[in-house]
Amino acid sequence: LQNIRGNTYREYYSEDRVGVIGEKCTINAMNLTGFACNGDKTTVKVNGVVMSGSGTSIETTLTEDGVLVEFYYDRQSFEYVVRYIDRQTNKEIIDKKRSSAPFGEQIVETAANLEGMGYNLVSENSKLHTISANIEMNVIDFYYQEKNVTLKYQIVGPENCGSLSM
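Quick summary incoming for the structure in this document. (Residues numbered from 1 in each chain as written. Predicted model: local features only at pLDDT ≥ 70, side-chain atom pairs only at ≥ 80, totals over all residues. Heavy atoms only, no water.)

Evaluation of the coordinates by the stated rule reveals five salt bridges. In this structure, Arg83 engages Asp141 in a salt bridge whose closest nitrogen and oxygen atoms are separated by 2.6 Å. Placement of the pair is Arg83 in strand β8 (residues 77-86) and Asp141 in strand β13 (residues 139-146), with a sequence separation of 58 residues. Overall, Arg83 belongs to the partly exposed group, its relative accessible area being 26%. For Glu92, the salt bridge is made with Lys96, and the minimal N-O distance between the two is 3.3 Å. Exposure remark for Lys96: the relative accessible area of 34% places this residue in the partly exposed category. (Salt bridge = Lys/Arg side-chain N within 4 Å of Asp/Glu carboxyl O. Helix = DSSP H or I, 4+ residues; strand = E, 2+ residues; numbered from the N terminus. Buried < 20%, exposed > 50% of the residue type's maximum accessible area, 1.4 Å probe, protein only.)

Turning to unusual backbone geometry, a few remarks are in order. Residue Asn90 is not a glycine yet carries a positive backbone phi of 65 degrees. Within the secondary structure layout, Asn90 lies in the loop between β8 and β9 (92-102). Assessed through its relative accessible area of 55%, Asn90 is described here as exposed.

Take the packing of aromatic side chains next. This structure, assessed with the given rule, holds four aromatic pairs. Where Tyr9 meets Tyr72, the ring centres are 5.1 Å apart and the plane angle is 85 degrees; that geometry is what we call edge-to-face. Highlighted residues: Tyr9 in the segment before β1 (24-28) and Tyr72 in the loop between β6 (67-70) and β7 (73-75), separated in sequence by 63 residues. Tyr9 sits in the partly exposed class, given a relative accessible area of 26%. On the basis of an interplanar angle of 75 degrees and a centroid distance of 5.7 Å, the ring pair of Phe35 and Phe103 is categorised as edge-to-face. Of the two residues, Phe35 is situated in strand β2 (residues 35-37) and Phe103 in the loop between β9 and β10 (106-110); the sequence distance between them amounts to 68 residues. (Phe/Tyr/Trp six-rings, centres within 6.5 Å; stacked < 30°, edge-to-face > 60°.)

By relative accessible area, Asp141 is classed as buried at 14%. At a separation of 2.6 Å, a polar atom in the side chain of Asp141 contacts the side chain of Arg83. Excluding anything up to four places from it in sequence, Asp141 contacts Arg83, Ile85 and Lys127. (Polar contact = N/O pair within 3.5 Å; in protein donor to acceptor, adjacent residues only side chain to side chain. Contact = heavy atoms within 4.5 Å.)

Pairing of β8 with β13, which is carried by six bridges, proceeds in the parallel orientation. Residue pairing in the sheet places Arg83 in a bridge with Asp141 of β13. One ladder, built from three bridges, connects strand β11 (residues 119-121) with β13; its direction is antiparallel. Following the sheet pairing, Asn120 is matched in β13 by Gln145. (Pairing = 2+ DSSP bridges.)

Right under this line is the structure:
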């Protein structure tokens, strides 16, 4: 499996199989959530010698010394969304931010400063999120509340000229 930085691989799974020498066998890559088999890196070793190999399904002949097939899995990137929501109306105040990151990566997002638009942040200022293969889980919400404004007024005019209603 490819590491989170994408520069090396580590062993995830190993399996021994028993077969008849001289018979053909097919070995298929596994389906792993958040990873895709990189068929260009697949290697097949027969009698300790690296043979050409590629793809996600290898057909080979069993030998006395066995066959070793190595599949390499690259991390897939998944989209995540950051939303800026009015706590009372549950509507987005500004457009959501869209980005992507590799499966399993931990990202930190910081709330937008919306004070100039008349909103105060009412949730935490930053959030840590681990990227999931389920895109619906990759949503980070920051909640805001409109600032309260105090209106002070005084009616000026002759007595009994009318009233102000709000």
